[in-house]
Amino acid sequence: MNADLSITTFIKGLTLLLTANGAPVLAGVFADARTAKPIDGGFRLSDGRPLFGAAKTWRGLFAALVATSFVAYLLNYGLLTGILFAVGAMAGDLLSSFCKRRLGRAEGSHLRGFDTAPESLLPLLMVKSRLGVGWLEIAILVGVFYVIEEWLSPVLYKWRLRKQP
């Protein structure tokens with residue numbers, strides 16, 4: 001990391017990544033299953049596969065927006081930064097789901113690296129100047145997020161917070 005990026009800024013960026021991507025998972029665990037309405041409404045493309053899949057819900061999107069905005073506010077980045085960050089993370093998540101459905105991968109399946117890259121890279125790019133991070137810092141944050149997700153995914157599965165490791 002260069003001298004311009006403090007450990008505090010790094011931890012704040014990582015906290016936003018974990019919040020934006022963790023809030024939908026926690027919402028799925030603690031909220032009533034009846035609140036899980038798929039973003040794609042069950043729409044299927046000509047290949048017969050879902051646009052995104054039933055696991056990508058409005059509840060998860062809302063949880064990411066609320067939680068990330070709140071955490072960004074607490075970290076003195078402001079609500080708008082949190083909203084933009086959450087939108088970027090969820091857009092990246094939807095992009096990877098869309099691509100995995102086109103590849104014939106099952107919902108909830110893990111595609112090493114492909115799942116974490118868009119959902120961490122897009123939000124960091126969207127708020128790059130607001131966070132005060134450069135390209136190297138973004139690359140490091142994406143890499144650290146990847147390592148955390150690789151370690152955390154089997155743990156969440158073991159604790160029954162995730163359907164697949």
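Our subject is the structure listed above.
Residues numbered from 1 in each chain as written. Predicted model: local features only at pLDDT ≥ 70, side-chain atom pairs only at ≥ 80, totals over all residues. Heavy atoms only, no water.

Caption draft 1: Region of the structure containing the overall build of the protein. When you go through the protein residue by residue, the secondary structure sums to 6 helices and 0 strands. Traced from its N-terminal end to its C-terminal end, the protein shows the element sequence α-α-α-α-α-α. Over its C-alpha atoms the protein spans a radius of gyration of 16 Å, differing by no more than 12% from the 15 Å that the globule rule assigns to 165 residues. Its C-alpha atoms give the protein principal-axis dimensions of about 50 × 35 × 30 Å. Considering the protein as a whole, with its 165 residues, one finds that 40% of them fall into the buried category. Put simply, of all contacts in the protein between residues at least 6 apart along the chain, 63% involve residues at least 24 apart. Within the structure as shown, the protein displays about 9000 Å² of accessible surface, and the carbon and sulfur contribution to it stands at 67%. (Helix = DSSP H or I, 4+ residues; strand = E, 2+ residues; numbered from the N terminus. Rg over C-alpha atoms; globule rule 2.2 N^0.38 Å. Buried < 20%, exposed > 50% of the residue type's maximum accessible area, 1.4 Å probe, protein only. Contact = heavy atoms within 4.5 Å. Areas by Shrake-Rupley, 256 points an atom, 1.4 Å probe, with all protein chains shown as cover.)

Caption draft 2: Just the nonpolar core, in detail. Counting 23 residues, the largest nonpolar core has Leu16, Leu17, Phe85, Leu124 and Leu131 as its most contacted members. Per-element tally for this core: the top contributor is helix α1 (residues 7-30), with 5 residues. Contacts of Leu131, omitting those with residues within four sequence positions, involve Thr9, Leu16, Tyr77, Thr81, Phe85 and Leu124. (Core = buried A, V, L, I, M, F, W, Y, C linked by side-chain atoms within 4.5 Å.)

Caption draft 3: Main features of the pattern of salt bridges. Counted by the stated rule, this structure contains 5 salt bridges. Note that Asp47 and Arg49 form a salt bridge whose closest N and O atoms lie 3.8 Å from each other. In this structure Arg49 comes out as partly exposed when scored by relative accessible area, which is 33%. Here Asp47 makes a salt bridge to Arg102, at a shortest N to O gap of 2.8 Å. Taken as a pair, Asp47 in the loop between α1 and α2 (58-74) and Arg102 in helix α3 (residues 79-102) lie far apart in primary sequence, 55 residues in all. Classification of Asp47 by relative accessible area gives partly exposed; the value is 35%. (Salt bridge = Lys/Arg side-chain N within 4 Å of Asp/Glu carboxyl O.)

Caption draft 4: Representation of unusual backbone geometry within the structure. Unusually for a residue other than glycine, Asn76 sits at a positive phi of about 65°. Position of Asn76 among the secondary structure elements: in the loop between α2 and α3.

Caption draft 5: Representation of the side chain of Asn21 in the model. As for its placement among the helices and strands, Asn21 is situated in helix α1. On the basis of relative accessibility, which here comes to 11%, the residue Asn21 falls in the buried class. A distance of 3.5 Å separates the side chain of Asn21 from the backbone oxygen of Glu119, its partner in a polar contact. (Polar contact = N/O pair within 3.5 Å; in protein donor to acceptor, adjacent residues only side chain to side chain.)

Caption draft 6: Structural detail: the side chain of Ser97. One can find Ser97 in helix α3. Those residues in contact with Ser97 that lie beyond four places of it in its chain are Phe52 and Lys56.

Caption draft 7: Structural view of α2. The end-to-end C-alpha separation of α2 is 24 Å, in line with the 24 Å expected for 17 residues at 1.5 Å each. For α2, the complete set of buried residues consists of Arg59, Gly60, Leu61, Ala63, Ala64, Thr68, Ser69, Val71 and Ala72. Buried positions along α2 lie against α1 and α3. Asn76 sits one or two positions beyond α2 and adopts a positive phi of about 65°. (Expected span 1.5 Å × (residues − 1).)

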